[in-house]
Amino acid sequence: MKKLVSSVLAASMVLSLAACGSSASTDTASSSEAASTSTSTAATTEAAGEGSGAYTGTPIKIGGIGPVTGGAAIYGQAVKNAEELAVKEINAANGSDVFEWKFEDDEHDAEKSVNAYNTLKDWGLQVLAGPVTTTPSIAVAAETANDNLFMMTPSASAPAVIESGDNVFQICFTDPNQGVASADYIAENKLGTKVGIIYDSSDAYSSGIYEKFKAEAAAKNLEIVTAEAFTADNKSDLSTQVAKCQQAGADLVFLPIYYQEASQILIAANKSGYAPVFFGCDGMDGILTIEGFDTSLAEGLMLLTPFAADAQDEKTQAFVSAYKEAYGDTPNQFAADAYDVVYAIYQAAVAGGINGDMDASDVCDALKAQFTSMTFDGLTGDGMTWDASGAVSKAPKAVVIKDGAYAAM
């Protein structure tokens, strides 16, 4: 039953955007593969009748880049899965291919990411849904700007990513926006009176959020009692930073860092009997999947994220059901953002009369015009808009870890 509900809602989402398609494999998309490899996809096609056929042109070649091996693979694999799922749904509901899709591993390495981009270009890439992480995205963005090839990253949040050119867009919050939104949320919900901060001063993501949080905290009359930094070279033991927050009397500790370092902080706090409110950003997503980590230590941890898998709206539940069926796992926010990237590109392509016979540069110009004028409703936000810089505007959400799972607040 869940299969059918998921598929019907996915088809409804496609049809409401007035376009559709047929299938995708892990490397490339073809309509015959989709029907045979996914019962959910087949049901989606059935839900759309014989297929809407709203898109009848040559398939658009859309590529993804991200780490599916290495330390950041949890992000890249989620993005890869969600892009594949979205392409299959769109193609199946149309009855013929809208997209042909291919994904390349970059191991969270800038040079390898550029090599992956060149591989996709040799394949005939027309639209890039990636890369996933910031440093590779900055490197690839410069290449796409030179080529005037449209790029939308699901999760690379540094402002520098979209500064490369007007062809580069984000569907995730920028780092500064996360800092401002976090301070606003903490102040408005009175989550703490004395705030400690632990951040990575060597990391653009972490330090960028910290600086904006600090400025907004002052505007919101939040008292920052201490701000403790670490770097990539000295992050093996963060107990000193935890102790300083405890000594300063911080009843809330803001953690604009990634989940690996956050797990160390939670372990250190537990050992010292320190139990403030811990509040993080989107880099915290993944802490419940760390091998060997006692997830009970993350109970009560709050974080800003554009997506909560346990949200009860039909769109979220349909996506979660379809993702679990296809990949045997619960999707995280990176998966949700990637899913939205493909659907947003799809909406723009249909509205702009874009097809695979067009030159990649012409596709880029048409997509830029659409994204800077359209509104998109997705999993990670309703009424999303983009400005000429490529930055997205959407409202943040907060989740808390409760009973070993993310719960909407």
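All values reported here derive from a predicted model rather than from experimental measurement. (Residues numbered from 1 in each chain as written. Predicted model: local features only at pLDDT ≥ 70, side-chain atom pairs only at ≥ 80, totals over all residues. Heavy atoms only, no water.)

## Examining the nonpolar core
One recurring pattern in soluble globular proteins is that nonpolar side chains are buried together. Counting residues in each nonpolar core, the largest one holds 81 residues, and the members touching the most others are F99, F150, L255, I287, F319, F371 and W386. With 13 residues, helix α13 (residues 333-351) is the largest single contributor of residues to this core. Of all hydrophobic cores here, the second largest spans 24 residues; its members include A187, L222, F279 and V400. (Core = buried A, V, L, I, M, F, W, Y, C linked by side-chain atoms within 4.5 Å. Buried < 20%, exposed > 50% of the residue type's maximum accessible area, 1.4 Å probe, protein only. Helix = DSSP H or I, 4+ residues; strand = E, 2+ residues; numbered from the N terminus.)

## Some points on unusual backbone geometry
G130 connects to P131 through a cis peptide bond whose omega is -5 degrees. Turning to its location among the elements, P131 is positioned in the loop between β3 (127-128) and α6 (134-147). Residue N221 is not a glycine yet carries a positive backbone phi of 60 degrees. Position of N221 among the secondary structure elements: in the loop between α9 (204-219) and β7 (223-230).

## A look at the layout of surface pockets
When its volume is computed, the second largest pocket comes out at roughly 560 Å³. H108, T133, D203, Y205 and Y258 are the residues nearest the centre of the second largest pocket, which is lined by 28 residues in total. Mapped onto the lining of the second largest pocket, the elements with two or more residues apiece are α6, α9 and α11 (259-271). Broken down by class, the residue content of the lining of the second largest pocket amounts to 12 nonpolar, 11 polar and 5 charged. (1 Å grid on protein atoms, 1.4 Å probe; cavity = no way out; pocket = protein on both sides within 12 Å on 5 of 7 lines; lining within 4 Å. Points joined across faces, edges and corners; volume = space filled by probe spheres on them. Nonpolar A, V, L, I, M, F, W, Y, C, P; charged D, E, K, R; others polar.)

## Describing the environment of L222
Considering the arrangement of structural elements, one finds L222 in the loop between α9 and β7. The exposure class assigned to L222 is buried, which follows from its relative accessible area of 13%. Note: C-alpha distance between L222 and A183 (39 residues apart in sequence) is 8.0 Å. If we skip the residues at most four places from it in the chain, L222 touches A183, I186, A187, G192 and A217. (Contact = heavy atoms within 4.5 Å.)

## Side note on a negative patch on the surface
On the surface, D313, E314, D377 and D382 cluster together to form a negatively charged patch. Turning to its location among the elements, D382 is positioned in strand β12 (residues 381-386). Assessed through its relative accessible area of 58%, D382 is described here as exposed. (Patch = residues over 30% accessible without salt bridge, like charges linked within 9 Å, V, L, I, M, F, W, Y side chains within 5 Å. Areas by Shrake-Rupley, 256 points an atom, 1.4 Å probe, with all protein chains shown as cover. Salt bridge = Lys/Arg side-chain N within 4 Å of Asp/Glu carboxyl O. Lys, Arg positive; Asp, Glu negative; His and termini not counted. Charge placed at Lys NZ, Arg CZ, Asp CG, Glu CD.)

## Some thoughts on the sheet that holds strand β14 (residues 397-402)
Taken in spatial order, the 7 strands make up an open sheet running β7-β6-β8-β9-β10-β14-β15, and their pairing is mixed. Looking at strand neighbours, the two that pair on one side only are β7 and β15 (405-408), the edges of this open sheet. Within the sheet, the average angular offset between the axes of one strand and its neighbour, ignoring direction, is 25 degrees. Note that β14 and β15 share 4 bridges and pair antiparallel. By the bridge assignment for β15, V400 is matched with A407. Contacting β6 (194-200), β7 and β8 (252-255), helix α10 (residues 239-247) runs over the sheet at an angle of about 170 degrees to β7. Strands β6, β7, β8 and β9 (277-280) of the sheet are contacted by α11, whose axis makes an angle of about 175 degrees with β9. (Pairing = 2+ DSSP bridges. Axes fitted to C-alpha atoms, helices over the stretch in contact; angles between N-to-C directions.)

## With respect to the environment of S272
Mapped onto the elements of the fold, S272 is located in the loop between α11 and β9. S272 gets classed as partly exposed once you look at its relative accessible area, which sits at 37%. Sequence separation between S272 and V242 is 30 residues, and the spatial gap between their C-alpha atoms is 8.9 Å. At a separation of 3.4 Å, a polar atom in the side chain of S272 contacts the side chain of Q246. (Polar contact = N/O pair within 3.5 Å; in protein donor to acceptor, adjacent residues only side chain to side chain.)

## Thoughts on the confidence of the model for the protein chain
In this model, the protein chain carries a mean pLDDT of 87, and residues with pLDDT of at least 70 account for 87%. The low-confidence segment residues 1-12 (pLDDT under 50) makes 22 contacts with residues lying over four places distant or belonging to another chain. Segment residues 18-50: pLDDT under 50, and 111 contacts once partners within four positions in sequence are set aside and those in other chains are kept. (pLDDT = per-residue confidence, 0-100.)

## Quick word on the pairing of β14
Bridging between strand β10 (residues 302-305) and β14 involves 4 bridges; their strand directions are antiparallel. When the sheet's bridge partners are listed, L304 is paired in β14 with A398. Counting the residues in the hairpin turn of β14 and β15 gives 2 residues, including D403, whose phi is positive at 55 degrees.

## With respect to the pattern of salt bridges
Throughout the structure, instances matching the rule amount to 11 salt bridges. Notably, a salt bridge pairs E228 with K244, separated by 3.9 Å at the nearest N-O pair. One end of the pair, E228, is in strand β7; the other, K244, is in helix α10, and 16 residues separate them in sequence. With a shortest N-O distance of 2.8 Å, E261 and K235 are connected by a salt bridge. One end of the pair, E261, is in helix α11; the other, K235, is in the loop between β7 and α10, and 26 residues separate them in sequence. Taking the relative accessible area as the measure of exposure, K235 reaches 29% and is therefore partly exposed. Through salt bridges with shared partners, one network takes in D166, D365 and K368.

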